[in-house]
Amino acid sequence: MTAPDRFPPAPQSSVSAIRAGEPSTVKLAKAACRKLALGLRGQLPPLVRAEAGLHLADAVDALRFPAGAVVSGFWPIRDEIDPRPLMDALRARGHPLCLPAIVDGELVFRRLTRESELVRAGFGTVEPPADAEELVPDCMLVPLAAFDARGARIGYGRGYYDRAIAAIGTRRGAPPMTVGIAFSVQQVEEVPEEAHDRRLQRILSETGFIDITENG
């Protein structure tokens, strides 16, 4: 898959999000942005969603993750794009993988192998068991509800990834490399932001890849 310099403009059906203002106003704008982007995602036919996940794997080399870097993925829920083909391509290139688990209200990351016996977790997902080795990811594949071309992201409203990215950065002295993973229809014109929000460094969808640190 080719790696364009940047995504095309957001379609007319995307949200025109307001700029950051009063916290309550920003939260309402985020909720509206999330609702519309997820609605567009939910309208995608099953075959389109399946093919999109395979297109992600085609871009594995464009990510340019450092050799041997630990990569956190995620197990798709509802109608999220499926990152598992991409995760398997990263595994084949020697990257240790891990999946998030919620412990005491925060994310930890547990090693994922082909032998892992996954257990049911909240939000309809699965995770490695509690006795799996905990890893600190160098690179993170980040799920999202909506994104913009600046790397601003809206999640599902709980702030798990924002806090995890900040905590890893504090622990290691440098933030992990973050890649938002989504369908292209989830792109909006401008994501409303709050002080605690963490922008993504890269975005990958079925239509292309952008390194915001190079183009921003």
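It should be emphasised that the depicted structure is a prediction, and the values quoted were computed from it without experimental measurement.

1. Side note on the overall build of the protein
Argument step 1. Summing up its helical and strand segments, the protein has 5 helices and 11 strands in all.
Argument step 2. For the protein, the proportion of its 216 residues judged to be buried stands at 49%.
Argument step 3. In the protein, once contacts between residues fewer than 6 apart in sequence are set aside, the share between residues at least 24 apart is 71%.
Argument step 4. Looking at the protein as shown, the accessible area adds up to about 10,700 Å², and 53% of this sits on carbon and sulfur atoms.

2. Some words on the sheet that holds strand β2 (residues 97–103)
Argument step 1. Here we have 7 strands laid out as an open sheet, ordered β3-β2-β1-β6-β9-β10-β11, and mixed in their pairing. In this open sheet, the two edge strands, each paired with only one partner strand, are β3 (106–112) and β11 (208–211).
Argument step 2. Pairing between strand β6 (residues 139–142) and strand β9 (residues 177–181): 4 bridges, direction parallel. Each bridged residue has a counterpart across the sheet, and for Val142 the counterpart in β9 is Gly180.

3. Topic: the packing of aromatic side chains
Argument step 1. In this structure the tally under the stated criterion is 0 aromatic pairs.
Argument step 2. Above the plane of the ring of Tyr156 lies Arg78, whose end atom (NZ or CZ) is 5.2 Å from the centre.
Argument step 3. Here Arg84 stacks its cationic end above the ring of Trp75, 4.6 Å away from the centre of that ring.

4. Quick notes on the environment of Glu117
Argument step 1. Tracing the chain through its elements places Glu117 in the loop between β3 and β4 (119–120).
Argument step 2. Separated by 10 residues in sequence, Glu117 and Glu127 place their C-alpha atoms 8.6 Å apart.

5. Some thoughts on the side chain of Arg153
Argument step 1. Looking at the element boundaries, Arg153 is found in strand β8 (residues 153–154).
Argument step 2. Buried Arg153, no salt bridge; nearest opposite-charge side chain is Asp162, N-O distance 4.3 Å.
Argument step 3. A distance of 2.9 Å separates a polar side-chain atom of Arg153 from the backbone oxygen of Pro143.
Argument step 4. With residues near it in sequence (within four places) discarded, Arg153 still touches Val142, Pro143, Leu144, Ala146, Phe147, Tyr161, Asp162, Val191 and Leu200.

6. Focus: helix α2 (residues 46–58)
Argument step 1. Between the first and last C-alpha of α2 there are 19 Å, a value that for 13 residues agrees with the 18 Å anticipated at 1.5 Å per step.
Argument step 2. All of the buried residues in α2 are Ala52, Gly53, Leu56 and Ala57. Looking down the long axis of α2, one finds its buried residues gathered within 150° of arc, a one-sided arrangement. Looking at α2, the residues exposed on the side facing more than 90 degrees away from the buried face are Leu47 and Leu54.
Argument step 3. Among the structural elements, α3 (84–92), β9 and β10 (202–205) are those in contact with the buried residues of α2.

7. Comments concerning the confidence of the model for the protein
Argument step 1. Model confidence for the protein is summarised by a mean pLDDT of 88, while 88% of its residues fall at 70 or above.
Argument step 2. Low pLDDT (under 50) marks residues 1–21, which in the prediction has 52 contacts with non-local residues, meaning those over four places away or in another chain.

8. Examining unusual backbone geometry
Argument step 1. Backbone geometry at Arg78 places phi at a positive 50°, although glycine is not the residue there.
Argument step 2. Summarising the element assignment, Arg78 is placed in the loop between β1 (71–72) and α3.
Argument step 3. On the basis of relative accessibility, which here comes to 62%, the residue Arg78 falls in the exposed class.
Argument step 4. The phi torsion at Asp104 lies on the positive side, around 55°, for a residue other than glycine.

Criteria and thresholds
Residue numbers run consecutively from 1 along every chain, following the written order of its sequence. Whole-chain, interface and lining totals are the exception, using all residues; otherwise, since this is a predicted model, local features are given only for residues with pLDDT of at least 70 and side-chain atom pairs are given and counted only at 80 or more. The side-chain numbers reported here are obtained from all heavy atoms of the structure, hydrogens and water having been left aside. Numbering of helices and strands runs from the N terminus; a helix is a DSSP stretch of H or I covering at least four residues, while a strand is a stretch of E covering at least two. Between buried and exposed lies partly exposed: a residue is buried under 20% and exposed over 50% of the maximum accessible area for its type, with that area taken using a 1.4 Å probe on protein chains only. Contacts: residue pairs with any heavy atoms within 4.5 Å of one another. Only the protein chains shown count as cover for residues, with accessible areas throughout obtained via the Shrake-Rupley method and a probe of 1.4 Å. Pairs of strands are assigned from DSSP output, requiring at least two bridges between the strands. The pairing test for Phe, Tyr and Trp rings, Trp by its six-membered ring, is centres within 6.5 Å, and the orientation test on the planes gives stacked under 30 degrees, edge-to-face over 60, and tilted for anything in between. A ring is scored as having a charge over it whenever the NZ atom of a lysine or the CZ atom of an arginine sits within 6 Å of its centre and within 35 degrees of its normal. Counting rule applied: Lys, Arg positive; Asp, Glu negative; His and chain ends not counted. Salt bridges, as used here, are contacts in which a Lys or Arg side-chain nitrogen is within 4 Å of a carboxyl oxygen on Asp or Glu. Pairs of N or O atoms are called polar contacts if they sit within 3.5 Å, as long as, within protein, a hydrogen donor faces a hydrogen acceptor (for residues adjacent in sequence, only side-chain-to-side-chain pairs). Expected span, for any helix, means 1.5 Å times one less than how many residues it has. Note that the arc is computed from the directions linking the helix axis to the C-beta atoms. pLDDT measures the predictor's confidence residue by residue and takes values from 0 up to 100.

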